[in-house]
Amino acid sequence: MGMTITEKILSHASGYNKVSPDDIVFADVDKVMIHDVSGPGVIKVFKELEKKGKYIENIWDPDRVWIAEDHFVPAADKISADNVIQLTKWAQKNGIRKHFKYGLGQYGICHTLSHEEGLILPGEVYVGGDSHTNTTGALGAFAAGLGHTDIAYVLTHGKIWFKVPETLLFKINGKKPLNVMAKDIILNIISDIGTDGANYKAMQFAGKVIDEMEMEERLTLTNMTTEAGAKNGIIEPDNITTEYVKQRTESNFNAIKADVDAEFKEVFEYECDKIEPSVAKPYSPENVVAVREIQSTEIDKAYIGSCTGAKLSDLRAAAKILKGRKVKIRTEVLPAAQSIFLKAIKEGLVTIFMESGVVVGPPTCGACCGAHMGVLGKDEICISTTNRNFPGRMGHVESRTYLASPMVVAASALTGKITDPRDV
Amino acid sequence: MTMMYGTVHKYNRSNIDTDVIIPGPYLKIHDHEELATHAMEGIDSDFTKKISDGDFLLVGHNFGCGSSREHAPIALSKSGIKAILSPSFARIFYRNAIDGGYLLPIEIDENVLEKIDDKDKLEIDLDNNTIKNKTKDNEIHKIKPFSKIISEIVKAGGLFNYNK
Ligand code: SF4
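The shown structure was predicted, so the numbers you read here are calculated from the model rather than taken from an experiment.

The rules behind the values
- Residues numbered from 1 in each chain as written.
- Chains lettered and ligands numbered in written order.
- Predicted model: local features only at pLDDT ≥ 70, side-chain atom pairs only at ≥ 80, totals over all residues.
- Heavy atoms only, no water.
- Phe/Tyr/Trp six-rings, centres within 6.5 Å; stacked < 30°, edge-to-face > 60°.
- Helix = DSSP H or I, 4+ residues; strand = E, 2+ residues; numbered from the N terminus.
- Buried < 20%, exposed > 50% of the residue type's maximum accessible area, 1.4 Å probe, protein only.
- Lys NZ or Arg CZ within 6 Å of the ring centre and 35° of its normal.
- Domains from an automatic or database assignment.
- Contact = heavy atoms within 4.5 Å.
- Buried area = accessible area lost by both parts, 1.4 Å probe.
- Salt bridge = Lys/Arg side-chain N within 4 Å of Asp/Glu carboxyl O.
- Polar contact = N/O pair within 3.5 Å; in protein donor to acceptor, adjacent residues only side chain to side chain.
- Near = heavy atom within 4 Å.
- Nonpolar A, V, L, I, M, F, W, Y, C, P; charged D, E, K, R; others polar.
- Pairing = 2+ DSSP bridges.

Chemist: Please provide a residue-by-residue account of the packing of aromatic side chains, values included.
Modeler: Considering all chains together, one arrives at 15 aromatic pairs over all chains under this definition. Seen in terms of ring centroids, F26(A) and Y162(B) are 6.5 Å apart; in terms of plane orientation they differ by 20 degrees. Their pairing is stacked. Within this pair, whereas F26(A) is found in strand β1 (residues 24-28), its partner Y162(B) is found in helix α8 (residues 159-162), the two belonging to separate chains. Accessibility expressed as a relative area gives 22% for Y162(B), which makes it partly exposed. Ring geometry for Y102(A) and Y107(A): centres 5.0 Å apart, planes at 85 degrees, overall edge-to-face. In this structure Y107(A) comes out as buried when scored by relative accessible area, which is 3%. Counting every residue linked through ring pairs, the aromatic cluster contains Y200(A), F63(B), F89(B), F93(B) and Y94(B). Directly above the ring of Y200(A) sits K163(A), whose terminal nitrogen or CZ lies 5.8 Å from the centroid. Directly above the ring of W161(A) sits R95(B), whose terminal nitrogen or CZ lies 4.0 Å from the centroid.

Dropping the structure here:
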């Protein structure tokens, strides 16, 4: 039996001709990411090791490490400001040049910079100190999130253990309806398999709809594999991948593909024509219903932001609906990166947003993780393009978040009620 | 640490996520003792008062899902928890707990969840992969053994001590 793309990347990286699910391998890592939350956590691991007499002189390869400032920028308070200073000093000391600083040229949410800046290439093993590192698997890389100790280990050894995951294949057939987005597809998948339906496993996407899907939409699918517990999400690289990557970097890459007789743990088939604009109700991403089933639900606020739902294609989708109309409830748009913000300005999207009454803010994780910049108060109800709606995720434990596509969020902003984009 | 003895604290809920174990606003804190004072704040504001050093947690499946924050196992371990018993763990929480050497994520059968009550006294034996319930006539339950590499990392006290 042949190997899936995930197995093949891990076999190359660990020096075996063949690996199978459940094998534990030490894989060489190509790229590592830390941000303003995981970075100080990793530095703390090094400090604790020093206390125990293990002094780490140099990190393994500064050119393979990059840093994002995204969770608490602009600095939410004194501690966040100190964390960024600490991270900057550490980066300088270790010679890390790819540090995307808030307010200094390109910067943005880590899982957006990873693809937008061409930092990660097809076929690579990429680990990040953040659970949504899975996102970047849409480029045909093995991309997985790790904690602080594991990242510190990679930074000193250049490798890390992985249990080779079984792969679940999701075939999305048919044609995608006009008002259905990748977000609706992935919400329906999570609803079917549950928030631990892919625990320890790889989720791979294929089928006609994926073949025709632009890269940013593919990234929404892999982003939310984390919400099903997956180790990684992945899509085999094709012409769309190659073109997307080549527009962003001159680096050569080895686009690894699966064997034709690759074995999957399970294959799930979806007819995309049957998928409806959907929402995940509080308090779980698996709590999914069609928008029209709950369309009279009143909301207080609409949020278009995060690595899941504030890429250029997301902003275009929302702007198309908001164009020439006025929002009825407080609505925020936070583009996922500086470069995307700029493109949105040049395309006239920001004008459309502001004329509709929306506030446009700087790229930041902000309220997505309840950090700052517009968190929710008690009993407040929000419809959001983000990826999680656990209790307290976007603010008060008794606030409520509905997760939806940018089209559904924009349509709902116009009415103040949860609204299907076909009805506005 | 092959034999452990302590009181178990039961939260019979599935999908307890890391936002509940240690809420987002505390992510900027990296002082371990301070993190411990906020452990499980999203589910039980009196949590830390109830825990003595060496105690265990008993929880529903998919414990530790959500964000990858290592703050979660740190906060729990610094508040005194030595092991967590659950039918299943989210993967990043599981590896953080093991690789950081903070506490032990121990997998049990789904039905064990019903047989052990809050505040029962347990003896966990990692050599024989059993739990003995001292409060319930020494009733024995099986635990799922760690795989080879994982058990070596556990014995070493974390990943940095393992692969020297
Ligand atoms: S935008 Fe939200 S999901 Fe994405 S990295 Fe930031 S906090 Fe995490």
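Chemist: I'd love a proper account of unusual backbone geometry, names of residues and values included.
Modeler: Following V73(A), the chain continues into P74(A) via a peptide bond in cis, with omega recorded as -15 degrees. Mapped onto the elements, P74(A) comes out in the loop between β3 (65-68) and α3 (78-93). Going from P282(A) to Y283(A), the amide bond is cis rather than trans, its omega being 0 degrees. Tracing the backbone shows Y283(A) in the loop between β12 (278-280) and β13 (288-290). Within the chain, M373(A) stands out as a residue other than glycine whose phi angle is a positive 60 degrees. Along the polypeptide, M373(A) turns up in the loop between β16 (359-360) and β17 (381-384). One non-glycine residue, N129(B), lies in positive phi territory at about 55 degrees. Within the secondary structure layout, N129(B) lies in the loop between β5 (121-125) and β6 (130-133).

Chemist: Lay out the domain arrangement of chain A in plain terms, naming residues and giving numbers.
Modeler: It is common to give the size of an interface as the accessible area lost on bringing the parts into contact. Residues and elements named next belong to chain A. Assigned domains within chain A: domain 1 (5-269) and domain 2 (280-423). The distance between the C-alpha centroids of domain 1 and domain 2 comes to 24 Å. Between domain 1 and domain 2, the residue contacts involve 40 residues of the former and 40 residues of the latter. Across the interface of domain 1 and domain 2, roughly 3,100 Å² is buried in total on both sides, 60% from carbon and sulfur atoms. Remark: the boundary between domain 1 and domain 2 carries two salt bridges. Put simply, R388 and E227 hold a salt bridge, and the shortest N to O gap is 2.9 Å. Between domain 1 and domain 2 we count 23 residue pairs in polar contact (both at pLDDT 80 or more) in total.

Chemist: Account for the site of the ligand, with residues named and values stated.
Modeler: Residue and element names in this part refer to chain A. Looking at the ligand, the residues that line it are H71, I109, H111, H132, S306, C307, C365, C368, C369, N387 and R393. Looking at the shell around the ligand residue by residue, the class counts come to five nonpolar, five polar and one charged. Viewed by domain, the shell around the ligand spans two of them, domain 1 (5-269) and domain 2 (280-423), each represented by three or more residues.

Chemist: Pulling in residues and values, what's your account of the interface of chain B and chain A?
Modeler: Tallying the contact residues gives 38 residues for chain B and 47 residues for chain A. Surface buried jointly by chain B and chain A totals about 3,600 Å² across both partners, of which 58% is contributed by carbon and sulfur atoms. Per-residue buried area on chain B facing chain A is highest for K28(B), R91(B) and F160(B); these three make up 24% of the total on that side. The tally of links from chain B across to chain A stands at three salt bridges.

Chemist: I'd like a rundown of the pairing of strand β5 (residues 125-128) of chain A, residues and numbers included.
Modeler: All names here are of chain A. The alternating pattern of β5 places V125 and V127 and Y126 and G128 on opposite faces, both of which are buried. By the bridge criterion, three bridges tie strand β2 (residues 31-35) to β5 in an arrangement that is parallel. Paired with K31 across the strands is Y126, a residue of β5.

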